[in-house]
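Reading the structure
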Amino acid sequence: QVQLVESGGGLVQAGDSLRLSCAASGRTLLTMGWFRQAPGKEREFVAGIRGSVGSTDYADSVKGRITISRDFAKNTVYLQMNSLKPEDTAVYYCAAGPAFSQLGVRAESLYDYWGQGTQVTVSS
C-alpha cells in the first residue's frame, strides 16, 4: 500500500512560482505523476517521472515552465511551477504507479495510487 501526501498549493499571482511536494510512504522507486483538474474540466496530465530510469515527460501546455523532480532519500516528488498563468488554476493530484510498465507516464491507468489533491489558484 502506498500513501501520498501533497502539499504546497496556494493562491498566487500570475507570473509567480510555486513548488508542490508529494511525499510517498510504503514503497520506493515508483513512477510518479502529477495531474490537474480545473473546474468543469476533465483531469489532465501535467508531468511524470519514470521510476525505473528517471525519464520525464511534460504536457505541452507546461513545458518550459514546470519541472518534475524527486528526492529518493525523502521518497518525495516535486513539481516546480514557474511563470504561473491563470489557466494553471486547478486541483493538482499526485499519483504513483509501478517503476516498470508498458504504459506511458501520461496514462492515468498506469497509476495505482492517488493523493487527495492540492488547490493551486493563480490570479490575473
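Residues numbered from 1 in each chain as written. Predicted model: local features only at pLDDT ≥ 70, side-chain atom pairs only at ≥ 80, totals over all residues. Heavy atoms only, no water.

Now for the overall build of the protein. A count of helices and strands for the protein gives zero helices and 11 strands. Reading the helices (α) and strands (β) of the protein from amino to carboxyl end gives β-β-β-β-β-β-β-β-β-β-β. A compact globule built from 124 residues should have a C-alpha radius of gyration of about 14 Å, and the protein, at 13 Å, falls within 12% of that. Viewed in the frame of its principal axes, the protein has a C-alpha envelope of about 40 × 25 × 25 Å. Going through the 124 residues of the protein one by one, you find that 45% of them count as buried. Of the contacts formed within the protein by residues at least 6 apart in sequence, a portion of 59% connects residues at least 24 apart. Carbon and sulfur atoms make up 47% of the accessible area of the protein, which amounts to about 6,300 Å² in all. Counting 12 positive and 11 negative side-chain charges, the protein places the averaged centre of each group 4 Å from the other. (Helix = DSSP H or I, 4+ residues; strand = E, 2+ residues; numbered from the N terminus. Rg over C-alpha atoms; globule rule 2.2 N^0.38 Å. Buried < 20%, exposed > 50% of the residue type's maximum accessible area, 1.4 Å probe, protein only. Contact = heavy atoms within 4.5 Å. Areas by Shrake-Rupley, 256 points an atom, 1.4 Å probe, with all protein chains shown as cover. Lys, Arg positive; Asp, Glu negative; His and termini not counted. Charge placed at Lys NZ, Arg CZ, Asp CG, Glu CD.)

What follows concerns the nonpolar core. Counting residues in hydrophobic clusters, the biggest one holds 36 residues, and the most contacted among them are Leu 4, Met 32, Trp 34, Leu 79, Met 81 and Tyr 92. Among the secondary structure elements, those contributing two or more residues to this core are strand S3 (18-25), strand S4 (31-37), strand S5 (44-49), strand S7 (66-71), strand S8 (76-81), strand S9 (90-97) and strand S11 (118-123). Every residue in contact with Tyr 92, bar those within four places of it in the chain, is listed here: Glu 6, Leu 20, Trp 34, Phe 35, Arg 36, Val 46, Leu 79, Met 81, Gly 117, Thr 118 and Val 120. (Core = buried A, V, L, I, M, F, W, Y, C linked by side-chain atoms within 4.5 Å.)

Let us look at empty space enclosed by the protein. Going through the model one piece at a time under the given rule, you end up with one cavity of 30 Å³ or more. For the largest cavity, the calculated volume is near 50 Å³. For the largest cavity, the full set of lining residues is Ala 24, Leu 30, Met 32, Arg 70, Asp 71, Asn 75, Thr 76 and Val 77. Within the residue set of the lining of the largest cavity, elements represented by two or more residues are S7 and S8. Among the residues forming the lining of the largest cavity, the class breakdown is four nonpolar, two polar and two charged. (1 Å grid on protein atoms, 1.4 Å probe; cavity = no way out; pocket = protein on both sides within 12 Å on 5 of 7 lines; lining within 4 Å. Points joined across faces, edges and corners; volume = space filled by probe spheres on them. Nonpolar A, V, L, I, M, F, W, Y, C, P; charged D, E, K, R; others polar.)

On S7, burial follows the alternation: Ile 66, Ile 68 and Arg 70 on one face are buried, whereas Thr 67, Ser 69 and Asp 71 on the facing-out side are not. Bridge count between S7 and S8: six bridges; the pairing is antiparallel. Paired with Arg 70 across the two strands is Val 77, which belongs to S8. Counting the residues in the hairpin turn of S7 and S8 gives four residues, including Asn 75, whose phi is positive at 50 degrees. (Pairing = 2+ DSSP bridges.)

Looking at the secondary structure, you find Arg 36 in strand S4. Here Arg 36 falls in the buried class, since its relative accessible area comes to 5%. Side-chain polar atoms of Arg 36 contact the side chain of Glu 44, separated by 2.6 Å. Reaching out from Arg 36, the side chain makes a polar contact with the side chain of Asp 88 at a distance of 2.9 Å. The residues touching Arg 36, leaving out its near neighbours within four places in the chain, are Glu 42, Arg 43, Glu 44, Val 46, Ser 61, Val 62, Glu 87, Asp 88, Ala 90, Val 91 and Tyr 92. (Polar contact = N/O pair within 3.5 Å; in protein donor to acceptor, adjacent residues only side chain to side chain.)

Pairing is possible between side chains that carry opposite charge, provided their charged atoms lie close to one another. Per the stated rule, a full pass over the model turns up six salt bridges. The shortest N-O distance in the salt bridge between Asp 57 and Arg 106 comes to 2.6 Å. With a gap of 49 residues between them, Asp 57 in strand S6 (residues 56-58) and Arg 106 in the loop between S9 and strand S10 (113-114) connect regions that are remote in the sequence. Residue Asp 57 is classed as partly exposed on the basis of its relative accessible area, which comes to 24%. One salt-bridge network, held together by shared partners, links Arg 36, Glu 44, Arg 65 and Asp 88. (Salt bridge = Lys/Arg side-chain N within 4 Å of Asp/Glu carboxyl O.)

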